[in-house]
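Chain by chain, the residues run as shown.
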Amino acid sequence: MKPLILGAVIGAGSNAASLHHFLAQAQAAGCATHSLGTAVAPSRLIDGIAHMQPSIVALSYRNTPEIAAQLFDEIRALIRERGLSDPRFILGGSPPVLKVARASGMFERTFDGSESPAEIDAYLRAFIHSEERRTTPAQTLVARLDQQAPYPLLRHRFGLPSLRDTIAGARRIAEAGVLDVLSLGTDRGIRGSSPPAAASRAGCDGASGQPLPPVDQFQALHAATRTGNFPLLQCSNGTGELLRLSRTRGGTLRDAWAAVPLCWDSILDGGSALPLRESIAQKQEILRWCAARRVPVELREARHWSLCDAHDALVVAMTFLAAYNAKQAGVRRVIVGFMLNTPPGTTPVNDLAKALASRTLLGMLEDESFTVYREVKPGSASCSSDPHIARGQTSAAIALGMSLQPHIVQVVSPGGNARQAAPEEVIENCRIARGAIRSMADGAVDPYGDDRVLERRAELEEEAQQILGALRRLGRSSTLDAWTDPVVLAKAIEWGLLDIPRFKGNPALCGDITTACIDGAWRAVDARSGEVLPESERIQSLVLDVFDALDPDAFPPGSAARDRG
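Residues numbered from 1 in each chain as written. Predicted model: local features only at pLDDT ≥ 70, side-chain atom pairs only at ≥ 80, totals over all residues. Heavy atoms only, no water.

1. Focus on the pairing of strand S11 (residues 333–340)
The buried fraction of S11 is high, at seven of eight residues. Strand direction decides the pairing type here: strand S10 (residues 297–299) and S11, joined by three bridges, are parallel. Counterpart to Leu299 in the pairing with S11 is Val336. Here S11 pairs with strand S12 (residues 371–378) via eight bridges, running parallel. When the bridges of S12 are listed, Val336 appears paired with Arg374. The parallel pair S11 and S12, bridged by helix H13 (residues 348–363), forms a crossover whose chirality is right-handed. (Buried < 20%, exposed > 50% of the residue type's maximum accessible area, 1.4 Å probe, protein only. Helix = DSSP H or I, 4+ residues; strand = E, 2+ residues; numbered from the N terminus. Pairing = 2+ DSSP bridges. Right-handed = clockwise from strand over helix to strand, strands pointing away.)

2. Section: the side chain of Thr394
Along the chain, the position of Thr394 falls in helix H14 (residues 387–401). You can call Thr394 buried: its relative accessible area is 8%. Here Thr394 is in contact with Pro378, Cys383 and Val412, once residues within four sequence places are set aside. (Contact = heavy atoms within 4.5 Å.)

3. Quick word on the nonpolar core
A general tendency of soluble globular proteins is for nonpolar side chains to be buried together. Ranked by size, the top nonpolar core spans 102 residues in total, and within it Leu268, Trp305, Leu471, Ile493 and Leu498 carry the most contacts. Top contributing element to this core by residue count: helix H12 (residues 312–328), with twelve residues. Filtering out sequence-adjacent residues up to four positions away, Leu268 remains in contact with Cys263, Leu276, Trp305, Ile493, Phe503 and Leu509. Counting residues in hydrophobic clusters, the runner-up holds 24 residues, among them Ile75, Leu78, Leu98 and Met106. (Core = buried A, V, L, I, M, F, W, Y, C linked by side-chain atoms within 4.5 Å.)

4. Comments concerning the sheet that holds strand S1 (residues 4–9)
Pairing between the strands of a sheet comes from backbone hydrogen bonds, and it takes one of two forms, parallel or antiparallel. Strand order in the open sheet formed by five strands is S2-S1-S3-S4-S5, with parallel pairing between adjacent strands. Strands at the two margins of the open sheet, each flanked by one partner only, are strand S2 (32–35) and strand S5 (109–111). For this sheet, the mean angle separating the axes of adjacent strands, direction not counted, is 20°. When strand S3 (residues 56–61) meets strand S4 (residues 89–93), the two strands line up parallel, connected through five bridges. Paired with Ser60 across the bridge in S4 is Gly92. Docked against the sheet, helix H1 (residues 17–29) engages S1, S2, S3 and S4, running at close to 170° with respect to S1. Contacts from helix H4 (residues 95–104) reach S3, S4 and S5, with the element oriented near 155° to S4. (Axes fitted to C-alpha atoms, helices over the stretch in contact; angles between N-to-C directions.)

5. Concerning the packing of aromatic side chains
Inspection of every chain in the model, using the stated rule, returns ten aromatic pairs. Both rings, one in Phe111 and one in Tyr123, keep their centres 5.6 Å apart while their planes meet at 75°; by these two values the pair is edge-to-face. Of this pair, Phe111 sits in strand S5 while Tyr123 sits in helix H5 (residues 117–134), and the two are twelve residues apart along the sequence. By relative accessible area, which is 11% here, Tyr123 ends up buried. An aromatic cluster is present here, built from Phe22, Phe111 and Tyr123 joined pairwise through their rings. (Phe/Tyr/Trp six-rings, centres within 6.5 Å; stacked < 30°, edge-to-face > 60°.)

6. Thoughts on the confidence of the model for the protein
Chain-level pLDDT for the protein is 83 on average; 83% of the residues reach the 70-or-more range. The least confident element of the protein, judged by mean pLDDT, is helix H19 (residues 560–564) at 35; the most confident is H12 at 97. This stretch, residues 187–213, has a pLDDT under 50; its non-local contacts, to residues over four places away or in other chains, come to 71 contacts. Segment residues 545–565 is flagged for pLDDT under 50; beyond a separation of four residues in sequence, or across chains, it makes 40 contacts in the model. (pLDDT = per-residue confidence, 0-100.)

7. Focus: the sheet that holds S12
Across the sheet, which stays open at both edges, the eight strands sit in the order S8-S7-S6-S13-S12-S11-S10-S9 with parallel pairing between neighbours. The open sheet has two edge strands with one neighbour each: strand S8 (232–235) and strand S9 (258–260). Averaged over all pairs of adjacent strands, the angle between strand axes in this sheet comes to 30°, irrespective of strand direction. Examined bridge by bridge, strand S6 (residues 153–158) and strand S13 (residues 408–411) share four bridges and lie parallel to one another. Along S13, the bridge assignment pairs His156 with Val411. Seen against the sheet, helix H10 (residues 276–292) touches S9 and S10 and runs at an angle of roughly 155° to S9. Contacting S11, S12 and S13, H14 runs over the sheet at an angle of about 155° to S12.

Here's what the structure looks like:
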């Protein structure tokens, strides 16, 4: 619920313009406001306070200081007489009136009209923050989103080498009240040992942070953050024991959501020694477990493929496949992340086009039983090593991401994943991000109005549909849905339909594709000529007789590719 500011011009003959402007700015900042008007008598003011119970009372008076003193005394006397608890008062007035007001001790803040809009906005933000701290913020994802609207939730990763420092730092971050979701950077050490091929995944998914094995330490972390604005907690997972850890943390840490990569944390990146089809089946089991308990799920597929230089059409297709698998498993709410500036060289136009194409395909899945929440994150791999330049880059990315109307914004440290951010740095990063969000909240550019974005979006939708259609043909002999059959999905990766250059050299994978950044877009290219390789030609060039033609029936109903027939 928004804090209420009750406004009134007291006394006779005062100008109401300043109060009107203040209340308008308060409303824009996120407050609810109500004005009692001009020439409000003290008795009517007290009636309004008793009835509306505002968080703060904003008074305006600019006339005689002596009369101002009498009005203040009368208001305080009526408050005592009515047995009301002392409201918080602020006052706008002339310098002589403000001198009397400060002497009365009745007002927590006074304004003489010389303050800049930025100064007033800073006061309002501090006021809103103090009001939010008076009641425990919502402790589920959906309720917190409703409470925060229209602003997105802020998320930041945090984890220090020392568990003791991690717990102490988490408490400081919570007390600052600037972060909504604290993602604990636990990495794979949480499983008690590193995977044999852990080194192979460096630079692919960017995981880092503090191993946190015992249950009592999870409980200590949860207890440490039960202060300030009570941030939600979210924890990175290791695939090998993800189901066990989900059960453990579900009763102790109260994760805001589970993070489930459909294909990754597997032989793709050294996260598991299981055969790929078994690893995918395991992720589907986790999705079903989350669905049975109505746990929201973060889908990390797009992020992992993008970090390994996948071409854009594949990222769009994998975003859809991850969401499709979640829905088929019964999950009702998913978080889909759009990592901007990733792979390096991606331009803002292509960032928006890739996200809009993904939204189109995801829209085919959304209904009363399935909701998609959007998250945007600056890509730290594209940031300068100079922290000052990097802060500017991440702020610009967040401002761009606001065009996608995100529900969550993940803030990154300028140093990326090469080091762990101290609590003070996390707090500073979040404050900078809030500034970028605030500047764009009411005036973000509409990406649907840019012809360049729309042209690239249409191209990506078409090519992603071709990948999905080819996957249907690959699984045409399966008795299961090809888009959820672990055997078909594993074959598609092993045989090169779902492929990236970094798979080359892994005997269990393919790696025959070549990708490159061309005019700010990541595309499949011919390895010899370097020319763009259209997706239809790439698919048909695979040495697989199942791809000799694309069946229109392989496309989902209502798709752009099928409609163009």
